[in-house]
Amino acid sequence: MIERWSRDQVLSLAPDAASQKAAAGVSAPGKWSGSGALPDVVWGECKGSGATPYRACVDLSEPAYKCSCPSRKFPCKHALGLLLLWASDGVPDGGEPAGWVAEWLEQRRSRAEKQEKRDRQEPSERAKAARSSGGSAQRETRVTAGLSELERWLTDQIAQGIAGARQTGLADWDELGRRLVDAQAPGVAGSVSRLSRVLREEDWPGLLLGEYALIHLLAVAHRRTAELPAGLAETVRSRVGFPITREDVLATPWVRDEWDVIGGRDEEQDRLVARRIWLQGRATGRVALVLSFAPIGQALDASLVTGTAVDASLAYYPGASPLRAVVAERHGPAASGRPAGTELSQVPGRIAGVLTGDPWADSWPVVLEGVIPATGSLADEEGNGLPLHPEGGVPWRLLAVSGGRPVTVAAEWTPRGSRPLTVWDEEGQVVRL
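Residues numbered from 1 in each chain as written. Predicted model: local features only at pLDDT ≥ 70, side-chain atom pairs only at ≥ 80, totals over all residues. Heavy atoms only, no water.

Novice: I'm lost on the pattern of salt bridges in this one. Help?
Specialist: Between side chains of opposite charge, a pair can form when the charged atoms approach closely. Tallied over the entire structure, the rule returns 23 salt bridges. Here E175 makes a salt bridge to R178, at a shortest N to O gap of 3.0 Å. Placement of the pair is E175 and R178 together in helix 7 (residues 165–182), with a separation of three residues, close to one helical turn. R178 sits in the partly exposed class, given a relative accessible area of 48%. Taken together, the salt bridges that share partners define one network made up of E149, E175, R178 and R179. (Salt bridge = Lys/Arg side-chain N within 4 Å of Asp/Glu carboxyl O. Helix = DSSP H or I, 4+ residues; strand = E, 2+ residues; numbered from the N terminus. Buried < 20%, exposed > 50% of the residue type's maximum accessible area, 1.4 Å probe, protein only.)

Structure below.
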């Protein structure tokens, strides 16, 4: 039987705050009938305003949702309300699922088998053509010319000085970004477009020089790609913006493990919402980032629930410090529990290893055990400390869970400080931050 999720874990699946409130309103036991739960599925019928109740069921192994209501939100309030009821022991275990539940599960199994066969096939001709196009001589020439111009532009900026960046920087960077997009180097264009964030900081001159240095390093690395080790060369091409298809990623060797879902966060990017989910393997110790995107207001992938674990095979995007991955195949849920942590004193060495392979890495997940949260840092009993990201403010919820005692914390490391994602209290309860 899958370990029951906490209320916090269920509410984290809601697409917005309104859905969380609505789900709480339909989670009362009196609203549900015909409910039941098997090891990987929970179902029930919720009384609505009409004569026919809404039928809702959830495949807990992913999770996936089904409801007969007309809501466009995903998951809807009925699926969330059913999960809240299940999380509070309000759904009886066992029983024979209704016909509509069994039919839905069979349809899902059939689709999964077909998808697995497609994923295991060699990359399609279309994928090969896309790869060939992405690395065509014409595109290589345009990227090389664009990055050569970028090198000259950066040299001029350093020669002239950066004192006027606050007055002219935004216009200069917009124009430079457009030229890089035209040169088919969208990754570098994105790095340039993010320079405006630096100007909001008090120590912006030093930060701007650091960003200029990383962009220059990338341009030079692309020019000298032939001299680089294969993994680093793949990292450079990815950072520049050469595409790699899902089919190509799935054609690489898979890594099977029981993966703890250690945390996640959403952020808006150019009218899209990007969901970043971090995983950590129990046997391999490897970490992974699973990304999904959706237009603002539409549902994101909610199949990886923080605090749960899944037995799955991942396919990693190529690179010297591989992190981003896709879930190639699910083999089933794994027993939940507190993930293995590392000591705070080991973090600098681990991040140094990451940056050796990918100097442009700007985030990396770490699970820290035995840390004591403070207002601006995570510390251990030996006096080691890890600063928190200044934009995160005071981590009140983390402080409340800790109460001054050591806890296990999953955090996203960044060059400007770490962002706490999840904390496990003394009893192993999961609290999303």
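Still more to cover.
Novice: How should I be thinking about the sheet that holds strand 15 (residues 430–432) in this particular structure?
Specialist: Two modes of strand pairing occur in sheets, parallel and antiparallel, and in both the strands are linked by backbone hydrogen bonds. Strand order in the open sheet formed by six strands is 12-11-10-13-14-15, and the pairing between neighbours is antiparallel. Each edge of the sheet is formed by a strand with only one pairing partner; in this case those strands are strand 12 (385–387) and strand 15. With strand direction ignored, the average angle separating the axes of adjacent strands in the sheet is 35 degrees. Summarising the sheet, strand 10 (residues 364–373) and strand 13 (residues 407–413) pair through six bridges and their orientation is antiparallel. Bridging from a neighbouring strand, P365 pairs with E412 of strand 13. Along the sheet, helix 12 (residues 347–357) makes contact with strand 10, strand 12 and strand 13, crossing strand 10 at roughly 170 degrees. (Pairing = 2+ DSSP bridges. Axes fitted to C-alpha atoms, helices over the stretch in contact; angles between N-to-C directions. Contact = heavy atoms within 4.5 Å.)

Novice: Just checking my understanding: could you explain a negative patch on the surface for this structure?
Specialist: On the surface, a cluster of negative charge is contributed by E343, E369, E381 and E382. Judged by relative accessible area, E343 falls into the partly exposed class, the value being 42%. (Patch = residues over 30% accessible without salt bridge, like charges linked within 9 Å, V, L, I, M, F, W, Y side chains within 5 Å. Areas by Shrake-Rupley, 256 points an atom, 1.4 Å probe, with all protein chains shown as cover. Lys, Arg positive; Asp, Glu negative; His and termini not counted. Charge placed at Lys NZ, Arg CZ, Asp CG, Glu CD.)

Novice: Would you mind showing me how to read the environment of Q280 here?
Specialist: Looking at where Q280 falls in the secondary structure, it is placed in strand 6 (residues 272–281). In this structure, the C-alpha to C-alpha distance between Q280 and W32, residues 248 residues apart in sequence, is 37 Å. The contact partners of Q280, leaving out residues within four places of it in the chain, are E258, W259, D260, I262, G285, R286, V287, P339, A340 and V367. From its side chain, Q280 meets the backbone oxygen of A340 in a polar contact 2.8 Å long. (Polar contact = N/O pair within 3.5 Å; in protein donor to acceptor, adjacent residues only side chain to side chain.)

Novice: Can you help me understand helix 12 in this one?
Specialist: Note that an α-helix has 3.6 residues per turn; residues three or four places apart therefore point the same way. Buried within helix 12 we find V347, I351, V354 and G357. With its buried residues spanning 120 degrees around the axis, helix 12 presents them on a single face. More than 90 degrees from the buried face of helix 12, the exposed residues found are P348, G349 and T356. Taken together, the buried residues of helix 12 touch helix 10 (230–240), strand 10, strand 12 and strand 13. (Arc of directions from axis to C-beta.)

Novice: I would appreciate a short explanation of the sheet that holds strand 8 (residues 309–316) in the present structure.
Specialist: Taken in spatial order, the five strands line up as 7-6-5-8-9 in an open sheet, and their pairing is antiparallel. On the outer flanks of this sheet lie strand 7 (287–295) and strand 9 (325–334), each paired with one strand and no other. Pairwise comparison of adjacent strand axes, ignoring direction, gives a mean angle of 40 degrees for this sheet. Relative to strand 8, strand 5 (residues 254–269) runs antiparallel, the two sharing seven bridges. Within strand 8, the position partnered with R256 by the bridge is S313.

Novice: It is not clear to me how the side chain of T342 should be interpreted in this structure. Could you clarify?
Specialist: Mapped onto the elements of the fold, T342 is located in the loop between strand 9 and helix 12. A polar atom in the side chain of T342 sits 2.5 Å from the side chain of Q346. If sequence neighbours within four positions are ignored, T342 has contacts with V347, R350, V367, L368 and E369.

Novice: Is there a simple way to explain the environment of P243 in this structure?
Specialist: Mapped onto the secondary structure, P243 falls in the loop between helix 10 and helix 11 (246–250). For P243, a relative accessible area of 53% corresponds to the exposed category. With 155 residues separating them along the chain, P243 and S88 place their C-alpha atoms 45 Å apart.

Novice: Help me understand the pairing of strand 13, please; the structure alone is not making it clear to me.
Specialist: Regular strands show a simple pattern: their side chains alternate between the two faces of the sheet. For strand 13, the tally of buried residues reaches seven of seven residues, placing the bulk of the element in the interior. Judged by which residues are buried, strand 13 turns out to be covered on both faces: V407, V409, A411 and W413 on one side and T408, A410 and E412 on the other are all buried. Hairpin connection of strand 13 to strand 14 (residues 419–424): five residues between the antiparallel strands, including G417 at a positive phi of 135 degrees.

Novice: I tried to follow helix 10 on my own but got confused; where do I start?
Specialist: Of the positions making up helix 10, those classed as buried are A233, T235, V236 and V240. Burial along helix 10 is one-sided: seen end-on, the buried residues are contained in an arc of 160 degrees. At its buried positions, helix 10 is contacted by helix 6 (137–160), helix 8 (186–193), helix 9 (204–223) and helix 12.

Novice: Any chance you could explain the packing of helix 9 against helix 10 here in plain terms?
Specialist: If you want to describe how two helices pack, look at the angle between their axes and the distance between the axes. Interaxial distance between helix 9 and helix 10 falls to 10 Å at its minimum, and their mutual angle equals 120 degrees. As far as their axial angle goes, helix 10 and helix 9 are oblique. In this structure, helix 9 meets helix 10 at a crossing whose hand is left-handed. Packed against helix 9, whose contacting residues are L218, A221 and H222, the element helix 10 presents V236, R239 and V240 at the interface. Taken together, the residues that form the contact of helix 9 with helix 10 break down as four nonpolar, one polar and one charged. (Parallel < 35°, antiparallel > 145°, perpendicular 65-115°, else oblique. Left-handed = near helix turned anticlockwise from the far one by under 90°. Nonpolar A, V, L, I, M, F, W, Y, C, P; charged D, E, K, R; others polar.)

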